[in-house]
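Given next are the chains, with one letter for each unit.
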Amino acid sequence: MVLTKNNAINQQAVGVMDSGVGGISVLKHIHALLPFEDLIYFADSKYAPYGSKTPEEITARCMAIADFLIEKNVKALVVACNTATAAAIDALRDNYAPPDFNFIIIGMEPALKPAAEASANGIIGVLATVGTLKSAQFAALLESYGRNVKVVTQGCEGLVECIERGKLDAPNTKALIRQYIAPLLAEGADTIVLGCTHYPFVAHIIREVVGLESNFKPISLIDTGLAVAKQLKRQLLEKGLLSIGMQPASIQFYSNSTNQQAGAVVEQLWGMPADVVLIDTV
Ligand code: DGL
């Protein structure tokens, strides 16, 4: 893929990607904050979960998706995935956003800093994928923001798969959440970071489990979606790439899922009818 310098072409869409449907939780914040931006979402569901893949495998997937979205002429790429950011953000920036190009790349990481500020007792739980928790980026985050607090981490194997199938309230999903929350509560966490973009879709169950298991002690859940949307807005403004808003935004979903229900799951999570194209070429 050859990039050309673009000059503040502000009617281009914003590309958003994730290993699957989780990044739709971020897309919602972006659409709410930037209602005039056209959005193109790519769900790499055929290759989900990323949490158990190597950084090299994840980087290769991110490059393929970035090529696809840049082919669609996007002005920005939001990596709405903590695991993909940890594995691939440096390679993506090196390849697609050299300093003299007006192309924006936004990544995301578990919200340790806001959690450390919000916690009253200094005990923070982090729910994330195994890939995120063992990444160098997460180690650096702990180093920067985890010094004066106790951070209890929990990898949540199997949870992304439940959400990919749209089984948000299934007994198996609830059982996994109960299992993963227990160690955080046992350590006394009063603040829980949702360190994977799939997890906001089961926040209602996490709240239910946390409420029941903690005898209704107040526990905050921290999600990074809004912060990512704000960061995107700031960068679009700075680079003169914000859409002017002459017409309602279009939101286009692409998924390479082989599950015939993929479109229905996207609509379930997006919360309204969605234009979903199933493709098998990326
Ligand atoms: N949604 C992703 C994240 O934020 C990754 C989930 C996965 O594919 O393992 O980490």
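Here is what the cut-offs are and how they apply
- For every chain, the first residue of the written sequence is number 1, and numbering continues from 1 along that sequence.
- Totals for whole chains, interfaces and linings use every residue, but because this is a predicted model, local features are given only for residues with pLDDT of at least 70 and side-chain atom pairs only at 80 or more, for both listing and counting.
- Computation of side-chain values: all heavy atoms of the structure, hydrogens and water removed.
- Every definition here rests on a 1 Å grid over the protein atoms only: cavities are sets of points where a 1.4 Å probe fits but cannot get out, pockets are open sets enclosed by protein on both sides within 12 Å along at least five of seven lines, and lining residues have some atom within 4 Å of a point.
- Grid points are joined across faces, edges and corners, and a volume is the space filled by probe spheres set on the points.
- The helix and strand labels rest on DSSP assignments: H or I over at least four residues marks a helix, E over at least two residues marks a strand, and numbering proceeds from the N terminus.
- When residues are sorted by character, Ala, Val, Leu, Ile, Met, Phe, Trp, Tyr, Cys and Pro go into the nonpolar class, Asp, Glu, Lys and Arg into the charged class, and all the rest, Gly among them, into the polar class.
- Any carboxyl oxygen of Asp or Glu that lies within 4 Å of a side-chain nitrogen of Lys or Arg is treated as forming a salt bridge with it.
- For each residue, the test is whether any non-hydrogen atom lies within 4 Å of the molecule or strand; if one does, the residue is near.
- Pairing of N or O atoms within 3.5 Å defines a polar contact, subject to two protein rules: one partner must be a possible hydrogen donor and the other a possible acceptor, and residues neighboring in sequence count only if both atoms are side-chain atoms.
- Only the protein chains shown count as cover for residues, and the accessible areas themselves come from Shrake-Rupley with a 1.4 Å probe.
- Assignment to a cavity or pocket requires that more than half of a molecule's atoms be within 2 Å of the site's grid points.
- A pair of strands is labelled paired if DSSP reports no fewer than 2 bridges between them.
- To obtain each axis, a line is fitted to C-alpha atoms, and for helices this fit is confined to the stretch in contact; angles are then taken between N-to-C directions over 0 to 180 degrees.
- Residue burial is assigned from relative accessible area. The probe radius is 1.4 Å, only protein chains are included, and a residue is buried under 20% of its type maximum, exposed over 50%, and partly exposed in between.
- Contact between two residues is taken to exist if any of their heavy atoms lie within 4.5 Å; hydrogens are not considered.
- Working definition: roughly parallel below 35 degrees, roughly antiparallel above 145 degrees, roughly perpendicular at 65 to 115 degrees, and oblique for all remaining angles.
- Crossing chirality is assigned from the near helix's rotation relative to the far helix, an anticlockwise turn below a right angle marking it left-handed and a clockwise turn marking it right-handed.
- Here, the term right-handed applies to a crossover whose path from the first strand over the helix to the second runs clockwise when the strands point away from the viewer.
- Ring pairs are drawn from Phe, Tyr and Trp, using the six-membered ring of Trp, whenever the two centres fall within 6.5 Å, and their geometry is named by plane angle: stacked under 30 degrees, edge-to-face over 60, tilted for the rest.
- Two conditions define a charge located above a ring, namely a distance within 6 Å from the ring centre to NZ of Lys or CZ of Arg, and an angle within 35 degrees of the ring normal.

K.L.:
Just give me the short version of the layout of surface pockets, but keep the residues and values in it.
P.N.:
There is about 460 Å³ of room inside the largest pocket. If you go around the largest pocket, you meet 24 residues; those closest to its centre are Met108, Glu109, Thr224, Ala227 and Val228. Looking at the lining of the largest pocket, the elements with two or more residues in it are helix H3 (82–96), strand E4 (104–106), helix H4 (112–118), helix H6 (136–145) and helix H10 (225–238). Here the residues of the lining of the largest pocket are counted per class, giving 13 nonpolar, 5 polar and 6 charged.

K.L.:
Mind laying out the pattern of salt bridges, listing which residues take part and the relevant values?
P.N.:
In the structure shown here, the tally under the stated rule is 4 salt bridges. For Glu37, the salt bridge identified is with Lys75, shortest N-O distance 2.8 Å. With a gap of 38 residues between them, Glu37 in the loop between helix H1 (24–33) and strand E2 (39–43) and Lys75 in the loop between helix H2 (55–71) and strand E3 (76–79) connect regions that are remote in the sequence. Taking the shortest distance from any N to any O, the salt bridge between Glu143 and Arg147 comes out at 2.4 Å.

K.L.:
Any chance you could break down the site of the ligand for me, citing the residues and the numbers?
P.N.:
For the ligand, the set of nearby residues contains 13 residues, the closest of which are Ser19, Tyr50, Gly51, Thr83 and His198. One of the side-chain nitrogen or oxygen atoms of Asp18 is found 3.0 Å away from a nitrogen atom of the ligand. Separating an oxygen atom of the ligand from a backbone N or O atom of Tyr50 is a distance of 2.6 Å. Protein coverage of the free-state accessible area of the ligand, which is 300 Å², stands at 99%. With respect to the pocket detection grid, the ligand is positioned in the largest cavity. Here the shell around the ligand is composed, by residue class, of 5 nonpolar, 7 polar and 1 charged.

K.L.:
Talk me through the sheet that holds E4; I want residue IDs and the actual numbers.
P.N.:
Consider a sheet: its strands pair through backbone hydrogen bonds, and that pairing is either parallel or antiparallel. Read across the sheet, 6 strands follow the order E4-E3-E1-E2-E9-E10 without closing on themselves; strand pairing throughout is parallel. Both edges of this open sheet fall to E4 and strand E10 (275–278), since each of them pairs with a single strand only. Neighbouring strand axes in the sheet, compared pairwise and without regard to direction, differ in orientation by 20° on average. As judged from the 4 bridges shared by strand E1 (residues 14–18) and E3, these two strands associate in the parallel manner.

K.L.:
Any details on the environment of Ala118? Residues and values, ideally.
P.N.:
Inspection of the secondary structure puts Ala118 in helix H4. Judged by its relative accessible area of 44%, Ala118 is partly exposed. Residues Ala118 and Ser220, 102 residues apart in the sequence, show an inter-C-alpha distance of 8.3 Å. If we skip the residues at most four places from it in the chain, Ala118 touches Thr191 and Ile222.

K.L.:
Give a detailed account of the packing of helix H8 (residues 171–186) against helix H9 (residues 203–213), specifying residues and quantitative values.
P.N.:
For the pair H8 and H9, the least separation of the axes is 10 Å and the interaxial angle reads 50°. Comparing the axis directions of H8 and H9 gives the class oblique. Two packed elements cross with a definite hand, and for H8 against H9 that hand is right-handed. Listed contacts from H9 to Lys174, Ile177, Arg178, Ile181 and Leu185 of H8 are Ile205, Ile206, Glu208, Val209, Val210 and Glu213.

K.L.:
Got a sec to walk through the pairing of E2? Specific residues and values, please.
P.N.:
In terms of residue burial, E2 counts as a mostly covered element, since 5 of its 5 residues are buried. The two faces of E2 match: Leu39, Tyr41 and Ala43 on one face and Ile40 and Phe42 on the other face are all buried. Strand direction decides the pairing type here: E1 and E2, joined by 5 bridges, are parallel. Among the inter-strand pairings, Val16 is bridged to a residue of E2, identified as Tyr41. In this view, the connection linking E1 to its parallel neighbour E2 by way of H1 has right-handed handedness. Two elements, E2 and strand E9 (residues 251–255), share 5 bridges in a ladder whose sense is parallel. Among the inter-strand pairings, Tyr41 is bridged to a residue of E9, identified as Phe253.

K.L.:
Requested: an account of the packing of aromatic side chains, with residues and values cited.
P.N.:
For the structure shown, the criterion picks out 4 aromatic pairs. Between Tyr41 and Phe253, the ring centres sit 5.8 Å apart and the planes meet at 50°, which makes this aromatic pair tilted. Taken together, the positions of Tyr41 in strand E2 and Phe253 in strand E9 put the pair 212 residues apart, joining distant regions of the chain. Grouping residues by exposure puts Tyr41 and Phe253 together as buried. Through successive ring pairs, a cluster of aromatic residues spans Tyr41, Phe253 and Trp270. In this structure, Arg61 is placed above the aromatic ring of Tyr47, and the distance from its NZ or CZ to the ring centre is 3.8 Å.

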